[in-house]
Amino acid sequence: RMHYTLNVMSEMGFITREERDAAKEVDILATIQRPDNKYTGIRAPYFVLTAKEELEKKYSAETVNRSGWKVITTLDLNLQQIAEEEVTKGVVQVKRQRGDVAAFVAEDVETGQVVSMVGGPDFSNAEYGQNNYARTPLPPGSSFKPYDYAALIENTNNVGAGSVLYDTRGEL
């Protein structure tokens, strides 16, 4: 197709035969670059895409994509960088314990605003990178037990220091 177009351009006088022949020698396919991932260059991609998703819920995707808004978020880039580094380092320990992913969210305890969010160790991973595990609803597991036990101890006379609490499933 390129050669046909060059021949027509030469016949119509837009280029000379020498220019046509020189252009035919160029390996145009070798100069084509693969397009970048649409998320290339986004800092804190899990946080940014979560913020965008929240805006789309509130205002619709069409409005968000065509509006050109300036959005101010609560992200702290210094904390974000630390969080990303720690998740990347920590996933090694997670894999040793037969896990496969790590995520992290930090919030300002005074305001409740999210200041850092890392949804996984490698956003650019084609297989699982764009799954935001920081937003995946997971059961709290053992991390919630101290709250349960504290409430039990504060509201019951049957337990106290030295009491044995068995972690078993009871009647609902």
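Residues numbered from 1 in each chain as written. Predicted model: local features only at pLDDT ≥ 70, side-chain atom pairs only at ≥ 80, totals over all residues. Heavy atoms only, no water.

## A closer look at the overall build of the protein
Here is the rule we go by: Secondary structure elements follow DSSP: runs of H or I of four or more residues count as helices, runs of E of two or more count as strands, with numbering from the N terminus. A radius of gyration in this sense is built from C-alpha atoms; the matching globule rule multiplies 2.2 Å by the number of residues raised to 0.38. With a 1.4 Å probe rolled over the protein chains alone, any residue whose accessible area is under 20% of its type maximum counts as buried; one over 50% counts as exposed, and the rest are partly exposed. The accessible surface values rely on the Shrake-Rupley method and a 1.4 Å probe; as for residues, cover is taken only from the protein chains in view. Neither His nor the chain ends contribute to the count of charged residues, in which Lys and Arg are positive and Asp and Glu negative. For this purpose, a charge sits on NZ of Lys, CZ of Arg, CG of Asp or CD of Glu.
In terms of regular secondary structure, the protein is built from seven helices and two strands. Its C-alpha radius of gyration of 28 Å places the protein more than 25% over the 16 Å reference for a compact globule of 172 residues. Seen along its three principal axes, the alpha-carbon backbone of the protein occupies a region of about 100 × 40 × 35 Å. Out of the 172 residues belonging to the protein, those deemed buried represent 17%. Total accessible area on the protein stands at roughly 14100 Å², and carbon and sulfur atoms take up 52% of it. If the 19 positive side-chain charges of the protein are averaged to one point and the 25 negative ones to another, these points end up 5 Å apart.

## Considering the environment of Val91
This is how the line gets drawn: Residues count as neighbours in contact if any of their non-hydrogen atoms are within 4.5 Å of one another.
As for its placement among the helices and strands, Val91 is situated in helix H6 (residues 77-96). Sequence separation between Val91 and Ser10 is 81 residues, and the spatial gap between their C-alpha atoms is 61 Å. Setting aside its immediate chain neighbours within four residues, Val91 contacts Asp100, Val101, Ala102 and Pro121.

## With respect to the pattern of salt bridges
Keep this limit in mind: For this document, the term salt bridge refers to a Lys or Arg side-chain nitrogen within 4 Å of an Asp or Glu carboxyl oxygen.
Across all of its chains, the model carries seven salt bridges by this definition. The residue Arg135 makes a salt bridge to Glu53 at a minimum N-O spacing of 3.0 Å. Placement of the pair is Arg135 in the loop between strand S2 (114-118) and helix H7 (145-154) and Glu53 in helix H4 (residues 45-59), with a sequence separation of 82 residues. Overall, the relative accessible area of 33% leaves Arg135 in the partly exposed class. Beyond isolated ion pairs, a larger network of salt bridges with shared partners links Glu53, Glu54, Lys57 and Arg135.

## Considerations on the side chain of Ser116
To keep it simple, the criterion reads: We call two N or O atoms a polar contact when they sit within 3.5 Å, provided that within protein one can donate a hydrogen and the other can accept it, with sequence-adjacent residues counted only if both atoms are side-chain atoms.
Structurally, the position occupied by Ser116 is in strand S2. On the basis of relative accessibility, which here comes to 1%, the residue Ser116 falls in the buried class. Within polar-contact distance, the side chain of Ser116 engages the side chain of Gln80 at 3.2 Å. Once you skip the residues sitting within four places of it in the chain, Ser116 turns out to touch Leu75, Leu79, Gln80, Ala83, Phe104, Val105 and Ala106.

## Considerations on the environment of Thr74
Secondary-structure assignment places Thr74 in the loop between helix H5 (61-67) and H6. A relative accessible area of 29% means that Thr74 is categorised as partly exposed. Remark: the alpha-carbon pair of Thr74 and Gln113, spanning 39 residues in sequence, is separated by 6.4 Å. Setting aside chain neighbours within four positions, we find Thr74 in contact with Phe47, Gln113, Val114 and Val115. A distance of 2.3 Å separates a polar side-chain atom of Thr74 from the backbone oxygen of Val114.

## A few points about the pairing of S2
Note the cut-off: Think of it this way: DSSP has to see at least two bridges between two strands before they count as a pair.
Most of S2 sits inside the fold, with four of its five residues counted as buried. Two elements, strand S1 (residues 104-107) and S2, share four bridges in a ladder whose sense is antiparallel. The residue bridging Ala106 from the neighbouring strand is Ser116, located in S2. In this structure, the hairpin formed by S1 and S2 is closed by a connection of six residues, where Gly112 is found at a positive phi of approximately 80°.

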